[in-house]
Amino acid sequence: MRLAVAGATGRTGSEVVAEARDRDHAVVALSRDPDEGEHDLADLDAALDAADALVDFTVPEATPDHAAAAADAGVPYVVGTTGLDDEAEAALDAAAGTVPVLAASNFAKGVQALLRVVRAGVEALPEYDAELTETHHDGKRDAPSGTAVSLLDAIDEARGEALDRTYGREGDHLREAAEVGVHVRRAGTVRGEHEVLLAGDDEVLTLTHRAESRRVFAAGAVDAAERLADREAGRYDFTDVL
């Protein structure tokens, strides 16, 4: 297949390009500051004319325009950008009326397994306190991460209520029963680490996922593009790919 990659020179986008080429896919590499052999992201419409799918790891502000371009070109749209606002989500919904659209906060298969295990753990231990800690590299923009938000949503779903998300603590702060602590760390080149802690009387259960390389995200994104190639228009989840 011919895969267009928006943000091809970024941390994860460059890994998507390498993964796609390793699978013998043709790649249209798109960047805002293109080098030789790359295409200008400003010419996305023209680049999509011959593409079979678009994978996007850029910035949230660009998502509405990229979604519209994918819909106009009739190509599936895979989005790994996190921190999407209501406008971006509405644009994805609109594009999904024409083409397959898959937006995921994390394309690692292990994270999908973690989400399932977290739901099961919280359902089995509904009275236990829940805390979440996530760590990423010092260049990550959104906090908490999209994956952390997905994990918090999974905890709420399993508890059957929306817990009060407390972001860090200081001073006099007595923990409430319907509270989940959220702790965000940004340092160095950490690819991504998420831990959910469940603690009750005299025991602690920790569930952790750590990405050793961004290649796991790239592999999942290319998997998604391959799977969407013959799907009908609509919104898809990464679990539909696995």
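Since the structure is predicted, the reported quantities are computational estimates derived from the model, not experimental observations.

**Observations regarding the UniProt feature "domain: Dihydrodipicolinate reductase C-terminal" (unreviewed entry) in the protein chain**
Those places that UniProt annotates as "domain: Dihydrodipicolinate reductase C-terminal" (unreviewed entry) correspond, in this numbering, to residues 110-242. Structurally, residues 110-242 is divided into 32% helix and 29% strand, and its ends, taken at the C-alpha atoms, are 11 Å apart.

**Things to note about the packing of helix α1 (residues 13-22) against helix α7 (residues 215-228)**
Across the interface, α1 lies against α7 with an axial gap of 8 Å and an inter-helix angle of 60°. One element, α1, and the other, α7, form an angle in the oblique class. The interaxial crossing formed by α1 with α7 has right-handed handedness. Counted together, Glu15, Val16, Ala18, Glu19, Ala20 and Asp22 of α1 and Arg215, Ala218, Ala219, Ala221 and Val222 of α7 form the full contact between these two elements. Grouping the constituent residues of the contact of α1 with α7 by class yields seven nonpolar, no polar and four charged.

**Comments concerning the sheet that holds strand β3 (residues 39-40)**
Taken in spatial order, the seven strands make up an open sheet running β3-β2-β1-β4-β5-β6-β12, and their pairing is parallel. Both edges of this open sheet fall to β3 and β12 (234-236), since each of them pairs with a single strand only. On the sheet, α1 packs against β1 (2-6), β2 (26-31) and β4 (53-56) and is oriented at approximately 170° with respect to β1.

**Topic: the sheet that holds strand β11 (residues 203-210)**
Backbone hydrogen bonds hold the strands of a sheet together, and the pairing may be parallel or antiparallel. Pairing within the open sheet is mixed, and its five strands lie in the order β8-β9-β7-β10-β11. Edge strands, defined here as strands with exactly one partner in the open sheet, are β8 (164-167) and β11. Averaged over neighbouring strand pairs, the angle between their axes works out to 20° when direction is ignored. With seven bridges connecting them, strand β7 (residues 129-136) and strand β10 (residues 193-200) associate as antiparallel partners.

**Here's the deal with the environment of Ala199**
Within the element layout of this structure, Ala199 appears in strand β10. Sequence spacing of Ala199 and Glu131 is 68 residues, and the spatial spacing of their C-alpha atoms is 8.5 Å. Beyond its immediate chain neighbours, meaning those up to four positions away, Ala199 contacts Tyr128, Asp129 and Val204.

**Points about the nonpolar core**
Ala4, Leu30, Leu48, Leu54, Tyr77, Leu92 and Val101 are the most contacted members of the largest nonpolar core, which totals 25 residues. Once residues within four sequence positions are removed from consideration, Leu48 is found in contact with Ala4, Leu54, Ala69, Ala70, Ala73 and Val75. Grouped together as the second largest cluster of nonpolar side chains are 24 residues, Leu3, Val17, Ala104 and Leu228 included.

**Quick word on the pairing of β1**
In terms of burial, β1 is largely enclosed, as four of its five residues are buried. Looking at chain direction, β1 and β2 are connected through five bridges and run parallel. Following the sheet pairing, Ala6 is matched in β2 by Leu30. For the crossover that starts at β1, traverses α1 and ends in the parallel β2, the hand is right-handed. Judged from the four bridges that link them, β1 and β4 form a sheet pairing that is parallel. Within the sheet, the bridge partner assigned to Ala4 lies in β4 and is Leu54.

Analysis parameters
Residues numbered from 1 in each chain as written. Predicted model: local features only at pLDDT ≥ 70, side-chain atom pairs only at ≥ 80, totals over all residues. Heavy atoms only, no water. UniProt positions renumbered as here; feature names shortened; annotations may be inferred. Helix = DSSP H or I, 4+ residues; strand = E, 2+ residues; numbered from the N terminus. Axes fitted to C-alpha atoms, helices over the stretch in contact; angles between N-to-C directions. Parallel < 35°, antiparallel > 145°, perpendicular 65-115°, else oblique. Left-handed = near helix turned anticlockwise from the far one by under 90°. Contact = heavy atoms within 4.5 Å. Nonpolar A, V, L, I, M, F, W, Y, C, P; charged D, E, K, R; others polar. Pairing = 2+ DSSP bridges. Core = buried A, V, L, I, M, F, W, Y, C linked by side-chain atoms within 4.5 Å. Buried < 20%, exposed > 50% of the residue type's maximum accessible area, 1.4 Å probe, protein only. Right-handed = clockwise from strand over helix to strand, strands pointing away.

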